[in-house]
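Letter by letter, the chains look like this.
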Amino acid sequence: MRCGADRRLLLVQPCHTSVVRAVAAGFRVWSVQDPALCAPHCLAETERLSQALLLTDTGDPATLAVLLGRTARRHGIAQALHLGDRRRRAAAFAAADAAGPSTTSPQSVRRIRDRTAMRRLLNEDGRSVVRAREACSVAEVPGLVRALGLPLVVKRTDATGGHHVTRIGCPGDLAAWTARREADAAPGPYLVEEYLAGPVFGVHTLTVDGAHHVLALTARHPAGGPVTELYPAPLDTHVRSELRAAARALLDLADYRSGPAYTRLVLTERGARVVAAEASFVCREPQVPRVGGGFDPDLWLFRALAQEQPVTSGTRTVSLRDRSAAP
C-alpha cells in the first residue's frame, strides 16, 4: 500500500483539526468517531470535512471490526489510522487487523508499547541491551533489586495500556514502592531494569509498507515540573544516525508495518538505549497540549503519507506534562 498514490484514509477517533490537515494534504477521509468522546462542535466539523462520519463505540472491538471492514471494502480504503486515546488503541488495532484495512498487527503494537515485552525483544536480539529482570509479583522485586543494584527503575504496563514507572534510588524508595503495590494489589509482571544516565531524546517516525521514515528528533529536558522537548534536537550527524538506527531497529524487530510511532532513547556512555515507545505520536495524547510553530505531528503524518517532505522550522521548546519520573 502506497498512500501517496491512493489518497483514501479511514481515520479512527480523529480530532477535526487532524481531518483538516489530511484533507489539505489531498486525502479523502472517512472518519470513525465515538460520540461519547467527542464534543458536538468537533463532530460537526469532522462530518463537514469527511466523505462520511461513522459513529460507533470505539471501545467495542467486535463492533469496530465490522464497521471498519465494511467501510474499507465498500470504498476501497487500504489504510486505517487510529488517532485517539492510547488505552483504546490496542482494541482498535486488533479490529483493524481483523477487518483488513491495517497491516499493523496488535502483536507488533504490544511488542513496542509494553515495556516488558519491548525489553525482552531488544535484549534477546542483542540490540540496545539494558540489564533487566522480570518479576511475576511484588514479592519478587526486592530480590531482583539486590541482584541488579541501585539505582534502577521498576516498570509495569497495566491491562488498560497505562504505564507505571518508578525510580528506586535507595532502600527507602523500595520500601515505599513495595508498600504502595501491596496496598493496591497491582498484578505483575514487573520489569526491573538499570537506571540509565544521560540525555533523553525522542524519535518520531512514520512507517509505510514496513519502511520507517524519521520525521523528527526531539531532546527531552526535565524542568523541575513538566518535561519539555526541544525541537529540532541540536545533535551532530553521528548521534542523529545512532538514534535513528536504534528506533528503526525496534520497529523492525517488532514487525511494525504501518503507522506512526514515538521512541524514547537515552544516550548513555555505551550508546543509545531505547527506554520506551508508543505506536503513536506522543504529542497527540489527551494530556499533552497541542503545539504550534514548527512542531506539528499531524502535519508530518499526512505530508509523509502523501510522500511529501514535512515542513520544519526553527527551534521550539514545548511542554509535555509527562508524568513519568524516570526515562
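Throughout what follows, the structure given in this document is the object of discussion. This one's a predicted model, so the numbers in the text were calculated from it and none came from an experiment.

Once that is clear, we can look at the overall build of the protein chain. Helices and strands together make up the secondary structure of the protein chain, namely 10 helices and 14 strands. Taking all 327 residues of the protein chain together, 54% fall into the buried category. Contacts in the protein chain between residues far apart in sequence, at least 24 positions, make up 62% of those at least 6 positions apart. Per element, the accessible surface of the protein chain, about 13,900 Å² overall, is 51% carbon and sulfur.

A few words on the sheet that holds strand β3 (residues 52-55). As summarised here, the arrangement of the four strands in space is β3-β2-β1-β4, forming an open sheet in which the pairing is parallel. Each edge of the open sheet carries a strand with a single partner, namely β3 and β4 (80-82). Looking at each pair of strands side by side, their axes are set apart by 20° on average, direction ignored. As paired strands, strand β1 (residues 8-12) and strand β2 (residues 28-33) are joined by five bridges and run parallel to one another. Looking across to β2, one finds that Arg8 is bridged to Arg28. The strands touched by helix α2 (residues 40-49) within the sheet are β2 and β3, with β3 carrying the most contacts at an inclination of about 135°.

About the criteria used
- Residues numbered from 1 in each chain as written.
- Predicted model: local features only at pLDDT ≥ 70, side-chain atom pairs only at ≥ 80, totals over all residues.
- Heavy atoms only, no water.
- Helix = DSSP H or I, 4+ residues; strand = E, 2+ residues; numbered from the N terminus.
- Buried < 20%, exposed > 50% of the residue type's maximum accessible area, 1.4 Å probe, protein only.
- Contact = heavy atoms within 4.5 Å.
- Areas by Shrake-Rupley, 256 points an atom, 1.4 Å probe, with all protein chains shown as cover.
- Pairing = 2+ DSSP bridges.
- Axes fitted to C-alpha atoms, helices over the stretch in contact; angles between N-to-C directions.

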